[in-house]
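Spelled out from the first residue to the last, the chains are:
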Amino acid sequence: MTTLTAPLGAPRSASARPPALLMREVTKTYDGAHTVLDRVSLEVQRGTFLAVMGPSGSGKSTLLHCAAGLDDPTSGEVHVGGHRISGLGETKRTLLRRNRIGFVFQSYNLLPSLTVEENLTLPLRQSGAAADRTWLRHLVERVGLADLLDRRPAELSGGQQQRAAIARSLAARPDVVFADEPTGALDLDTAAGVLDLLRELVDEWEQTVVMVTHDPAAAARAHAACVVADGRIDSYLPNPDAAELARRLTALGRR
Ligand SMILES: Nc1ncnc2c1ncn2[C@@H]1O[C@H](COP(=O)(O)OP(=O)(O)O)[C@@H](O)[C@H]1O
Ligand SMILES: [Mg+2]
């Protein structure tokens, strides 16, 4: 069985900074037998927007959870921003995750009783990190929430809530933001706006986003897409095209 390493674009700067995400031969098995991820190797350079696609049950969520330190691989290594996050034990892994990783979920996961501003700064308070007021101001202006900071999530549209969740994910200036179907609950126009925002944050600020999506049109907004099948990276497409992705997914479904 071959392992595919997918080098994703050259770093923008000449300095040899570690990749935002490095997965080396990551395997995840359940009950000692059921292999869900099979020696997956993946390198994501800073300033890259990567989409992860694949049939249902192919291992996308498991890949994301192992990459993001929510779960620990059975074997292999995961490094985020040059720091190993695998094989550390729960406590150290949680600390690293809080400082170096952001999350965006399909259902936004904002706390309903808190204002937008309180939601944005909650991860900083949890990790004990000092809030960088200049960065936060810049961020809320960039995502278009500067006038909505005192509102509660229920007083925002779905698109605004997802923008707040994106701002929250970036508040601590993480090495990587992982997004799991971030546009799954939005209508087409709003979804397009959120995808544009993610792409702009990556391009303008050299952020790094790894997004699971089942929508080829959403994946086509990324710099690159990898298609997962049976726990392995089946293919890797730079500058993915929605029609080509749809064709590959259909072919995998027929196997
Ligand atoms: N905690 C678990 N215990 C046993 N099997 C699991 C567990 N989590 C996921 N799986 C199995 O791993 C496979 C891949 O799951 P998942 O990563 O959720 O796929 P996807 O996100 O691509 O739909 C599925 O067959 C699923 O049943
Ligand atoms: Mg899943």
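Structure first, text after, so check above.
Residues numbered from 1 in each chain as written. Chains lettered and ligands numbered in written order. Predicted model: local features only at pLDDT ≥ 70, side-chain atom pairs only at ≥ 80, totals over all residues. Heavy atoms only, no water.

Okay, the side chain of Ser41 next. Relative to the elements of secondary structure, Ser41 occurs in strand 3 (residues 34–44). Separated by 2.9 Å, the side chain of Ser41 and the backbone nitrogen of Glu25 make a polar contact. (Helix = DSSP H or I, 4+ residues; strand = E, 2+ residues; numbered from the N terminus. Polar contact = N/O pair within 3.5 Å; in protein donor to acceptor, adjacent residues only side chain to side chain.)

Now for the site of ligand 1. Around ligand 1, the structure places Tyr30, His34, Val36, Pro55, Ser56, Gly57, Ser58, Gly59, Lys60, Ser61 and Thr62. In this structure, Ser58 approaches ligand 1 through a main-chain N or O atom, which is 3.2 Å from an oxygen atom. In the environment of ligand 1, an oxygen atom lies 2.8 Å from a nitrogen or oxygen atom belonging to the side chain of Lys60. Residue assignment for the shell around ligand 1 shows that the elements contributing at least two residues are strand 3 and helix 1 (60–67). The dominant element in the shell around ligand 1, judged by the number of residues it contributes, is helix 1, at three residues. When the residues that make up the shell around ligand 1 are grouped by side-chain class, the tally is three nonpolar, seven polar and one charged. (Near = heavy atom within 4 Å. Nonpolar A, V, L, I, M, F, W, Y, C, P; charged D, E, K, R; others polar.)

Looking at the secondary structure, you find Ala192 in helix 6 (residues 188–205). Along the backbone, Ala192 and Ala217 are 25 residues apart, and their C-alpha atoms lie at a distance of 9.2 Å.

Applying the stated criterion across every chain yields a total of 16 salt bridges. Note that Asp71 is salt-bridged to Lys28, the shortest N-O span being 3.2 Å. Of the two residues, Asp71 sits in the loop between helix 1 and strand 5 (75–80) while Lys28 sits in strand 2 (residues 21–30), which places them 43 residues apart along the sequence. Between Arg100 and Asp175 there is a salt bridge, with the nearest N and O atoms lying 2.6 Å from each other. Separated by 75 residues along the polypeptide, Arg100 in helix 2 (residues 90–100) and Asp175 in the loop between helix 5 (158–170) and strand 8 (176–180) bring together distant segments of the chain. For Asp175, a relative accessible area of 9% corresponds to the buried category. Members of the salt-bridge network, linked through shared partners, are Asp38, Arg39 and Arg232. (Salt bridge = Lys/Arg side-chain N within 4 Å of Asp/Glu carboxyl O. Buried < 20%, exposed > 50% of the residue type's maximum accessible area, 1.4 Å probe, protein only.)

In contact at an axis separation of 12 Å, helix 3 (residues 116–127) and helix 4 (residues 133–142) are set at 135 degrees when each is read in the N-to-C sense. Regarding the angle of helix 3 to helix 4, the classification is oblique. Taken as a pair, helix 3 and helix 4 cross one another with a handedness that is right-handed. Where helix 3 approaches helix 4, its residues Glu117, Leu120, Thr121 and Leu124 are matched on the opposing element by Arg133, Leu136 and Val140. Looking at the contact of helix 3 with helix 4 residue by residue, the class counts come to four nonpolar, one polar and two charged. (Axes fitted to C-alpha atoms, helices over the stretch in contact; angles between N-to-C directions. Parallel < 35°, antiparallel > 145°, perpendicular 65-115°, else oblique. Left-handed = near helix turned anticlockwise from the far one by under 90°. Contact = heavy atoms within 4.5 Å.)

Further remarks concern the nonpolar core. Ranked by internal contacts, the top residues of the largest apolar core, which has 47 residues, are Ile166 and Met211. In terms of residues, this core owes the most to one element, helix 6, which gives eight residues. In this structure, Ala20, Val78, Val176 and Phe178 belong to the second largest nonpolar core, which totals 29 residues. (Core = buried A, V, L, I, M, F, W, Y, C linked by side-chain atoms within 4.5 Å.)

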